[in-house]
Amino acid sequence: RARKGTERKPPRLERTKGSEIVFGIGPCSLALSRARRDLFRLFLKQSGSRRPVTSELLLQAAARGVPVLRVQRRELDELCRGQVHQGVCLEATPLRFKRLEDAETPGSGGEASGNRQVIWLVLEQIQDPMNLGALLRSAYFLGVDRVVTSHRNSCPLTPTVSKASAGAMEVIDVYSTDDLQSFLKAKTAEGWEVVGTVSKPEDVEGVPVISCLEFRWDKPLIIVIGSEGEGLSLQTQLLCHRMLAIPPGRALHPGIDSLNVSVATGILLHSICSQKRRHGD
């Protein structure tokens, strides 16, 4: 009996120092194909089935020289601390923010040339990993040229963010800056338009507020998104040329009179980026 009890207990998988566990089919597949991380081991759930997605992961791992271990589901659960892993985990080094200062070279990051429409998404103190992941997914899908986040009080690029982004975090670079206000001032001096976002127009003073449906995109653009609870800081609001609001479809009850930050951002980005598709670059 003692021996059986010991056999039922899963062996602990020793982690490589400095590694983290990426989980989920999309994040693991894209992490393997993009190889922006150092890759150590791919863990797959033991199963009699040969799903196409499993075969693809095996091919990707072989192409990168990554060892593959077949393990029990409970071991995968332990590796990713109970998150939804879809039978796949990948041991790899973390992704870090890129320093915005290192990217400010002529011609990088989709700077405007001629009449080209360029849009950057700037995030001020987004702290929830699910929101950050959803924001990165929308930014990638809708064609944002660069994502920049404030370094202080912002969520890091964790495996949870990658899963929430459906793996978009593995594909796009995310930059950070220690001085968001100075960055916005510099882009304004270069001729960029800076627009903020607001859920309650009556709360804004000193900056014009318009509906996102009225906004016309005719110059390089930065759209700034504020934190989940407080929105944009006053210092950042005052650096915006205009504030955009999403008009509601009905009279709203107090307490449910705003949108989740990632949902609102998706609506705003679509409203703006659809102009690019209509009018061309």
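Use the structure listed above.
In this text the structure is predicted, and so the values were computed from the model without any measurement.

1. Looking at the overall build of the protein chain
- Secondary structure assignment for the protein chain yields 10 helices and 12 strands.
- Within the protein chain, the fraction of its 281 residues that count as buried is 46%.
- Considering only contacts in the protein chain between residues 6 or more positions apart, those separated by 24 or more positions represent 85%.
- Accessible surface for the protein chain amounts to roughly 15000 Å². Of this, 50% is attributable to carbon and sulfur atoms.

2. Let's talk about the nonpolar core
- Ranked by size, the top nonpolar core spans 34 residues in total, and within it Ile119, Leu136 and Ile223 carry the most contacts.
- Where this core is concerned, the elements lending two or more residues are strand S6 (119-123), helix H6 (129-142), strand S11 (221-225) and helix H10 (261-279).
- By size, the runner-up hydrophobic cluster in this structure holds 20 residues, among which are Leu180, Leu184, Val194 and Cys240.

3. As for the sheet that holds strand S5 (residues 98-99)
- Here we have 8 strands laid out as an open sheet, ordered S5-S8-S7-S6-S11-S9-S12-S10, and parallel in their pairing. If you trace the sheet from one side to the other, it starts and ends with S5 and strand S10 (209-211), each paired once.
- Note that S6 and S11 share 5 bridges and pair parallel. Note on S11: the bridge partner recorded for Val122 is Val224.
- The strands touched by H6 are S6, strand S7 (146-150) and strand S8 (174-177); relative to S6, the strand with the most contacts, the crossing angle is about 175°.

4. Thoughts on H6
- Between its first and last C-alpha, H6 extends 20 Å over 14 residues, near the 20 Å set by a 1.5 Å rise per residue.
- Restricting attention to buried positions, one finds in H6 the residues Asn131, Leu132, Gly133, Leu135, Leu136, Ala139 and Leu142.
- For H6, the side-chain oxygen to backbone nitrogen distance between the N-cap and Met130 is 2.8 Å, and the N-cap itself is Asp128.
- In the stretch just after H6, Gly143 is the one whose phi turns positive, near 95°.

Reading the values: rules and limits
Residues numbered from 1 in each chain as written. Predicted model: local features only at pLDDT ≥ 70, side-chain atom pairs only at ≥ 80, totals over all residues. Heavy atoms only, no water. Helix = DSSP H or I, 4+ residues; strand = E, 2+ residues; numbered from the N terminus. Buried < 20%, exposed > 50% of the residue type's maximum accessible area, 1.4 Å probe, protein only. Contact = heavy atoms within 4.5 Å. Areas by Shrake-Rupley, 256 points an atom, 1.4 Å probe, with all protein chains shown as cover. Core = buried A, V, L, I, M, F, W, Y, C linked by side-chain atoms within 4.5 Å. Pairing = 2+ DSSP bridges. Axes fitted to C-alpha atoms, helices over the stretch in contact; angles between N-to-C directions. Expected span 1.5 Å × (residues − 1). Polar contact = N/O pair within 3.5 Å; in protein donor to acceptor, adjacent residues only side chain to side chain.

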